[in-house]
Amino acid sequence: MQALQKKSYPYWMKHLNNHEIAYLKVVEENVEKHFKNDTSGHNYDHIQRVVDLTTRLLVEGACIYTTYMIAYLHDMFDDKLDSPYANLSEVYAAWGLEKDEKFEAIEKGILSIGYKGGFEHQTRSLEADIVSDADLLDAMGAIGIGRAFYYAGSKGQPFHERSLEGVVSTNYKEYRNLKRNVLAHFEEKLLKLKNEIVTQRGKVIAVHRDEVLRRFYKQFKDELDGKK
Ligand code: ADP
Ligand code: NI
């Protein structure tokens with residue numbers, strides 16, 4: 001597959017018709033408002049990074065409109081975030097949008113995004129694969145480390161307690177609720193993400209971000225052990 005070369009907003013806008021551009025603008029504005037006050041690592045800056053990464057990962061054959069709609073909307077119905085909308089139909093109704101022929105692909109794509117502790121396997125379209133990789137890459141590298149500690153703090157989870165060393169979640173419910181150290185999240189998720197990435201470009205970006213995670217994880221442990 002040939003990857004699209006440029007990363008700028010106007011470049012991909014050229015590939016969209018007027019209806020698609022209008023809908024993306026409405027969605028972008030409303031998503032920005034929706035996530036503006038989030039303090040769990042899903043602020044609009046996360047959405048923007050996922051959109052930017054999506055641009056880097058886009059390949060020919062993917063529907064550009066569907067891919068960006070999924071990118072902007074992918075965290076709207078996350079089970080761990082409070083959303084006033086139960087599904088995409090409610091979002092469209094609230095934002096004055098009418099369902100078009102891409103609606104179903106967008107909704108299915110959104111619902112297939114999310115690591116969910118690796119406990120729930122998802123089948124994804126090409127468009128959703130691209131956004132999923134973008135979302136996973138934002139949980140890796142320096143930003144991923146920052147988000148993990150930020151998220152844990154926002155949920156009242158400990159920074160690092162000796163008595164919790166070795167405690168990791170074993171099912172989806174525990175993944176969301178079990179009291180554990182942030183390092184557990186590295187073992188449960190972050191250090192596994194490189195192998196979850198499916199797009200060619202995503203794999204290249206993931207190599208370095210994974211190294212950053214591993215170096216940090218090792219250094220953190222070495223400091224706890226008084227080795228460094
Ligand atoms: P997930 O489905 O794993 O919640 P998200 O991308 O929605 O994936 O998670 C948002 C951010 O919060 C990610 O950077 C993720 O790694 C981090 N995160 C999720 N759960 C935890 C946790 N239990 N401890 C620390 N960080 C977490
Ligand atoms: Ni996300």
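Below is a short write-up of the structure. (Residues numbered from 1 in each chain as written. Chains lettered and ligands numbered in written order. Predicted model: local features only at pLDDT ≥ 70, side-chain atom pairs only at ≥ 80, totals over all residues. Heavy atoms only, no water.)

### A word on the nonpolar core
Here is step 1: V31, L73, L88, Y92, W95, I106 and F186 are the most contacted members of the largest nonpolar core, which totals 64 residues.
Here is step 2: Among the elements that take part in this core, helix α4 (residues 64-73) stands out by supplying 8 residues, more than any other.
Here is step 3: Not counting the four nearest positions on each side in its chain, F186 is found in contact with I145, F149, L191, L213, F216 and Y217. (Core = buried A, V, L, I, M, F, W, Y, C linked by side-chain atoms within 4.5 Å. Buried < 20%, exposed > 50% of the residue type's maximum accessible area, 1.4 Å probe, protein only. Helix = DSSP H or I, 4+ residues; strand = E, 2+ residues; numbered from the N terminus. Contact = heavy atoms within 4.5 Å.)

### A word on the coordination of the nickel ion (ligand 2)
Here is step 1: Around the nickel ion (ligand 2), the protein supplies H46 (NE2), H74 (NE2), D75 (OD) and D135 (OD) as donor atoms, at distances of 2.1 to 2.4 Å.
Here is step 2: Coordination at the nickel ion (ligand 2) is irregular, judged from the 4 donor atoms that bind it and the angles of 83 to 172 degrees they form at the metal.
Here is step 3: Every donor residue of the nickel ion (ligand 2) comes from the same chain, spaced as H-x27-H-D-x59-D. Within this pair, whereas H46 is found in helix α3 (residues 44-57), its partner D75 is found in the loop between α4 and α5 (88-94), the two being separated by 29 residues in sequence.
Here is step 4: The class of D75 is buried, set by a relative accessible area of 5%. (Donors = N, O, S within 2.8 Å, 3.2 Å for Na, K, Ca; no water. Tetrahedral: all angles 85-135°; square planar, octahedral: opposite > 155°, others 65-115°.)

### Looking at the packing of aromatic side chains
Here is step 1: Tallied over the entire structure, the rule returns 11 aromatic pairs.
Here is step 2: Ring centres of F186 and F216 lie 5.8 Å apart, and the angle between their planes is 15 degrees; on these two criteria the pair is classed as stacked. Highlighted residues: F186 in helix α10 (residues 182-188) and F216 in helix α11 (residues 200-224), separated in sequence by 30 residues.
Here is step 3: In this structure F216 comes out as partly exposed when scored by relative accessible area, which is 29%.
Here is step 4: Taken together, a centroid distance of 6.0 Å and an interplanar angle of 25 degrees make the contact between F186 and Y217 stacked. Of this pair, F186 sits in helix α10 while Y217 sits in helix α11, and the two are 31 residues apart along the sequence. When sorted by exposure, F186 lands in the same class as Y217, which is buried.
Here is step 5: Grouping aromatic residues by their ring pairs yields a cluster made of F149, F159, F186, F216, Y217 and F220. (Phe/Tyr/Trp six-rings, centres within 6.5 Å; stacked < 30°, edge-to-face > 60°.)

### A look at the packing of α4 against helix α6 (residues 103-111)
Here is step 1: Remark: α4 packs on α6, axes separated minimally by 9 Å, with the N-to-C direction vectors making an angle of 45 degrees. One finds that α4 runs oblique with respect to α6. Helix-helix and strand crossings are classified by hand; for α4 and α6 the assignment is right-handed. Residues Y65, T66, M69, I70 and L73 of α4 form the contact with α6, whose own contacting residues are A105, I106, G109 and I110.
Here is step 2: Of the residues belonging to the contact of α4 with α6, the class tally is 7 nonpolar, 2 polar and no charged. (Axes fitted to C-alpha atoms, helices over the stretch in contact; angles between N-to-C directions. Parallel < 35°, antiparallel > 145°, perpendicular 65-115°, else oblique. Left-handed = near helix turned anticlockwise from the far one by under 90°. Nonpolar A, V, L, I, M, F, W, Y, C, P; charged D, E, K, R; others polar.)

### Things to note about the packing of helix α8 (residues 141-154) against α11
A packed helix pair is summarised by two numbers, namely the angle formed by the two axes and the spacing between the axes.
Here is step 1: Where α8 meets α11, the axes come as close as 7 Å, and the angle between the chain directions of the two elements is 50 degrees. Relative to α11, α8 is oriented oblique. Only R209, V212, L213, F216 and F220 of α11 make contact with α8, whose side of the interface consists of G141, A142, I145 and F149.
Here is step 2: Looking at the contact of α8 with α11 residue by residue, the classes come out as 7 nonpolar, 1 polar and 1 charged.

### A closer look at the pattern of salt bridges
Here is step 1: Scanning the model with the defined rule gives 10 salt bridges in all.
Here is step 2: For the salt bridge of D45 with R49, the shortest nitrogen-to-oxygen distance reads 2.9 Å. Placement of the pair is D45 and R49 together in helix α3, with a separation of 4 residues, close to one helical turn.
Here is step 3: Ionic contacts of the salt-bridge type, sharing partners, join the residues D45, R49, D138 and R147 into one network. (Salt bridge = Lys/Arg side-chain N within 4 Å of Asp/Glu carboxyl O.)

### Concerning the environment of A93
Here is step 1: Positionally, A93 belongs in helix α5.
Here is step 2: On the basis of relative accessible area, A93 is assigned to the exposed category, the value being 61%.
Here is step 3: Sequence separation of A93 and Q48 is 45 residues, and the distance between their C-alpha atoms is 24 Å.

### Comments concerning the environment of S112
Here is step 1: Looking at where S112 falls in the secondary structure, it is placed in the loop between α6 and α7 (126-137).
Here is step 2: Classification of S112 by relative accessible area gives buried; the value is 5%.
Here is step 3: Other than its neighbours up to four places away in sequence, S112 contacts Q122, T123, R124 and A128.

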